[in-house]
Amino acid sequence: MFGPSPNVLIQTCTLYSLVPTQDADGGLDAEASYSTVIASNVPCSAQNYATSTEEDVDGRVSVYNRWLVFLNADYGLKADDKIVLNTGEEIYVGNATDAAGRGASWQVDGTQRK
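Keep in mind it's a predicted model, so treat the numbers as computed, not measured. (Residues numbered from 1 in each chain as written. Predicted model: local features only at pLDDT ≥ 70, side-chain atom pairs only at ≥ 80, totals over all residues. Heavy atoms only, no water.)

### Here we look at the environment of aspartate 74
Part 1: Note on placement: aspartate 74 falls in the loop between β3 (61–71) and β4 (82–85).
Part 2: Judged by its relative accessible area of 47%, aspartate 74 falls in the partly exposed class.
Part 3: Remark: the alpha-carbon pair of aspartate 74 and alanine 96, spanning 22 residues in sequence, is separated by 8.4 Å.
Part 4: Looking at aspartate 74, its side chain comes within polar contact range of the main-chain nitrogen of glycine 76, at 2.8 Å. (Helix = DSSP H or I, 4+ residues; strand = E, 2+ residues; numbered from the N terminus. Buried < 20%, exposed > 50% of the residue type's maximum accessible area, 1.4 Å probe, protein only. Polar contact = N/O pair within 3.5 Å; in protein donor to acceptor, adjacent residues only side chain to side chain.)

Structure representation (structure tokens):
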């Protein structure tokens, strides 16, 4: 089965697996939790398709950017794994699906939190 054209996968990314690690206060240590690299220099195509903002009870505003990332193989990504694009954007995986049902193109839905 044919995968995506190299002309489509014009970006590269690094894929990280979430391995939860606690910090001194018992919270999630974000840097240590994403120290496991699944793959690097992976050809991809990433497209931002929606942005939303949320305000918590203390008035803090968070911006969420929704992304679709297309890959040419199944890297076994799970919810909360991280994709870092060659542009520096960090995207947290929501789910990964076999886009056409033929194992040749993988679509990852993710969120960037700012």
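On we go.
### As for unusual backbone geometry
Part 1: Unusually for a residue other than glycine, asparagine 41 sits at a positive phi of about 55°.
Part 2: A relative accessible area of 58% means that asparagine 41 is categorised as exposed.
Part 3: The backbone of aspartate 80 sits at a positive phi, close to 75°, despite the residue not being glycine.
Part 4: Note that aspartate 80 resides in the loop between β3 and β4.

### Looking at the side chain of aspartate 109
Part 1: Within the secondary structure layout, aspartate 109 lies in strand β6 (residues 106–113).
Part 2: At a separation of 3.0 Å, a polar atom in the side chain of aspartate 109 contacts the side chain of tyrosine 49.
Part 3: A polar contact is formed between the side chain of aspartate 109 and the side chain of arginine 66, at a distance of 2.6 Å.

### A few points about the packing of aromatic side chains
Part 1: Within this structure, the stated rule accounts for 1 aromatic pair.
Part 2: Pairing tyrosine 34 with tyrosine 92 gives two aromatic rings, centres 5.7 Å apart and planes at 65°, and the pair type is edge-to-face. In this pair, tyrosine 34 is assigned in the loop between α1 (30–33) and β2 (36–55) and tyrosine 92 in strand β5 (residues 90–98), connecting sequence segments 58 residues apart.
Part 3: If you follow lysine 82 out to its NZ or CZ, it ends over the ring of tyrosine 16, 5.5 Å from the centre. (Phe/Tyr/Trp six-rings, centres within 6.5 Å; stacked < 30°, edge-to-face > 60°. Lys NZ or Arg CZ within 6 Å of the ring centre and 35° of its normal.)

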